[in-house]
Amino acid sequence: KKEMKKSRNEADTLQRNLNQSYKALDHSKLKYQKAHIELEITKATYEKTEVDGTVSRNEVDKMKAMYQKKIRDHDDGKGQYANQLMKTNEIQQEHFFTLLPCVLNNIQSLSVGNCDFFKELMSKCVKKEREIAPIVAKCHEEMEKVIEGVNSSKDCGMIVNKLKTGDVPPEDFVFEELQPGMEVKTGTLRKTSRSRSHTNLNVTSPNSFQRKRELEKKTKAHEIEVAKVQKEMKALQMMVQTYTDNPKFGDVKQFQGELETAAHKVQVLESELNAFKTELADVNHQLENIRSKSPSVSRKQYTQSQQSSSSSSSQSDTLERQNPKQISSDSSTLASGWGDDFRDVSELPPPTLSQAISIPIPPPMQNVSTSAPPPPPPPPPPVVAPGPDYEELKPRKVVALYQFNSDATDTIPMAEGEEFFVSEGDQDGWTKVQRVDSRFFEDMGEGFVPTSFVQNI
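As the structure is a prediction and not an experimental result, all values here were calculated from the model. (Residues numbered from 1 in each chain as written. Predicted model: local features only at pLDDT ≥ 70, side-chain atom pairs only at ≥ 80, totals over all residues. Heavy atoms only, no water.)

**Looking at the overall build of the protein chain**
Now for step 1: The secondary structure content of the protein chain amounts to eight helices and five strands.
Now for step 2: Counting from the amino terminus, helix and strand elements in the protein chain follow one another as α-α-α-α-α-α-α-α-β-β-β-β-β.
Now for step 3: The contacts of the protein chain with a sequence gap of at least 6 include a subset with a gap of at least 24, amounting to 67%. (Helix = DSSP H or I, 4+ residues; strand = E, 2+ residues; numbered from the N terminus. Contact = heavy atoms within 4.5 Å.)

**Details of the pairing of strand β2 (residues 419-427)**
Now for step 1: Here strand β1 (residues 396-400) pairs with β2 via four bridges, running antiparallel. In the sheet register, V398 faces β2, and the bridge partner there is F420.
Now for step 2: Where β2 and strand β3 (residues 430-435) come together, five bridges link them in antiparallel fashion. Directly across from V422, in β3, lies its bridge partner V433.
Now for step 3: Between the antiparallel neighbours β2 and β3 lie two residues, among them D428 with a positive phi of about 55 degrees. (Pairing = 2+ DSSP bridges.)

**Some details on the packing of helix α1 (residues 2-51) against helix α2 (residues 57-148)**
Now for step 1: Between α1 and α2, the least distance of the axes is 7 Å, while the angle of their chain directions is 165 degrees. Put simply, α1 runs roughly antiparallel to α2. Like other packed secondary-structure pairs, α1 and α2 cross with a definite hand, here left-handed.
Now for step 2: Here the contact of α1 with α2 is built from residues that sort into 25 nonpolar, 18 polar and eleven charged. (Axes fitted to C-alpha atoms, helices over the stretch in contact; angles between N-to-C directions. Parallel < 35°, antiparallel > 145°, perpendicular 65-115°, else oblique. Left-handed = near helix turned anticlockwise from the far one by under 90°. Nonpolar A, V, L, I, M, F, W, Y, C, P; charged D, E, K, R; others polar.)

**With respect to the pattern of salt bridges**
Now for step 1: Here the structure, examined in full by the defined rule, presents 14 salt bridges.
Now for step 2: Across the salt bridge formed by K69 and D73, the nearest N and O atoms sit 3.3 Å from each other. One end of the pair is K69 and the other is D73, both in helix α2 and four residues apart, which spans about a single turn.
Now for step 3: On the basis of relative accessibility, which here comes to 44%, the residue K69 falls in the partly exposed class. (Salt bridge = Lys/Arg side-chain N within 4 Å of Asp/Glu carboxyl O. Buried < 20%, exposed > 50% of the residue type's maximum accessible area, 1.4 Å probe, protein only.)

**A short note on the environment of V268**
Now for step 1: Within the secondary structure layout, V268 lies in helix α6 (residues 253-292).
Now for step 2: According to the relative accessible area criterion, V268 is partly exposed, its value standing at 35%.
Now for step 3: In the structure, V268 is positioned 184 residues away from S452 in sequence and 9.1 Å away in space, judged by C-alpha atoms.

**Observations concerning a nonpolar patch on the surface**
Now for step 1: Residues F117, F118 and L121 make up a contiguous nonpolar surface patch of roughly 320 Å² in combined accessible area.
Now for step 2: With respect to the secondary-structure elements, F117 resides in helix α2.
Now for step 3: Its relative accessible area of 51% is what places F117 among the exposed residues. (Patch = residues over 30% accessible without salt bridge, like charges linked within 9 Å, V, L, I, M, F, W, Y side chains within 5 Å. Areas by Shrake-Rupley, 256 points an atom, 1.4 Å probe, with all protein chains shown as cover.)

**A closer look at the nonpolar core**
Now for step 1: Judged by nonpolar contacts, the single largest core of 15 residues is most densely connected at V398, M414, F420, V433 and V449.
Now for step 2: At the level of secondary structure, the elements contributing two or more residues to this core comprise β1, β2, β3 and β4 (446-450).
Now for step 3: Those residues in contact with F420 that sit more than four places away from it in its chain are R396, K397, V398, A400, I412, M414, V433, Q434, R435 and V436.
Now for step 4: By size, the runner-up hydrophobic cluster in this structure holds 13 residues, among which are V240, L259, A262 and L269. (Core = buried A, V, L, I, M, F, W, Y, C linked by side-chain atoms within 4.5 Å.)

**A word on the packing of aromatic side chains**
Now for step 1: By the definition in use, this model includes six aromatic pairs.
Now for step 2: Each ring, one from Y32 and one from Y81, has its centre 5.7 Å from the other, and the planes form 0 degrees; the classification is stacked. Here Y81 lies in helix α2 and Y32 lies in helix α1, a separation of 49 residues in the sequence.
Now for step 3: Summarising the aromatic geometry, the rings of F117 and F118 are spaced 5.7 Å apart at their centres and angled 70 degrees between planes, so their arrangement reads as edge-to-face.
Now for step 4: Three or more aromatic residues link up through ring pairs in this structure, and these residues are Y402, F404, W430 and F453. (Phe/Tyr/Trp six-rings, centres within 6.5 Å; stacked < 30°, edge-to-face > 60°.)

**Quick look at the confidence of the model for the protein chain**
Now for step 1: In this model, the protein chain carries a mean pLDDT of 76, and residues with pLDDT of at least 70 account for 72%.
Now for step 2: Here residues 188-205 is modelled with pLDDT under 50, and outside its nearest four sequence neighbours on either side it reaches 20 contacts, counting other chains as well.
Now for step 3: Scored below 50 in pLDDT, residues 381-392 shows 19 contacts in the model against residues more than four places distant or in partner chains. (pLDDT = per-residue confidence, 0-100.)

Structural data, given as structure tokens:
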């Protein structure tokens, strides 16, 4: 490639030299032509002046001197033109018969060499392709197997599951009757109905189903990580115990530091896992609410209720035809009993917020009381007091893993090893408890403590 470029540069240089010689020849030729024209004009003027008797002798001598000067200029231009013509012919002969053929021969030899190189290269490529042809054929077979194994229905299902949002179709439009004397603006009836139907479905984020999938993946990953770190903690505890029983093995402090780090990591992972589970429960609840608001579900439930009522009515008609007197007496007895039952149900108070079922939280790791306690989370917001039916449930007991000093009015201090009854489940990292006895503190107070500081008994 470099040799080819060098030869082309040489050819360009030769062409530039030849063009310069042509320009010099044209310049000398123009100069000679100009000198010849001026000589002819001066000669004609001199002859006319010499014949004219009215011109003085002095003017005639001046014209003669100018005529002689033009002759000398003409001869100089003619000589320069002839000299340049000879040089240009020599340069042209050398260019077309010596220099340019040499450059063209070099370019031709390089081209032939390149052609031979590409010929050899293509021959090697064909040979290699023949050698790998069985491998390519095998790859094609595998590709055909993969193509045949494509399941369009399964792939479409994966795409649908990936793009699923959890939303439901809008509700049916409700007929809005216009009463006499009612003022209605033109074109607002349809807009109002449509906006109301959309408003009823606006109860969650645009893509709750995808958030559910993401939370399930994170929860699974955190559970695997917690199990892994707990396994490491068990090994570290065994090492600490071994080095404590046998001091000659080495210093036990290095393993204690690693054990504390692992314990703190477990607490952080469990806290994040609890947060993911809580959010997942909220998302599932939102999706269930959306599903319950779906018109298709409502129609399905309505159809099932109609079918069940029709079947029950048909059975009752059959029984009545078989034994009308017994059915009549039984119906009166059941009606009197049902009236009391429905009255009792209607009079029941609605459930309070504190009676909602909370998600169970996995307890922290045991045998980590020697590690430093993690920093407590910020105090929880005020919550609704538990209802009267809540006290009838069997309380859950927990034990304190660390000492906690209360710094807020709605929290209580606790000592390590103290037992409590759980009043309310975990709320943003805090659990409401009540003391079992007054061994550590005089008061039998009730308040919030960090969830990560206690463990179920």
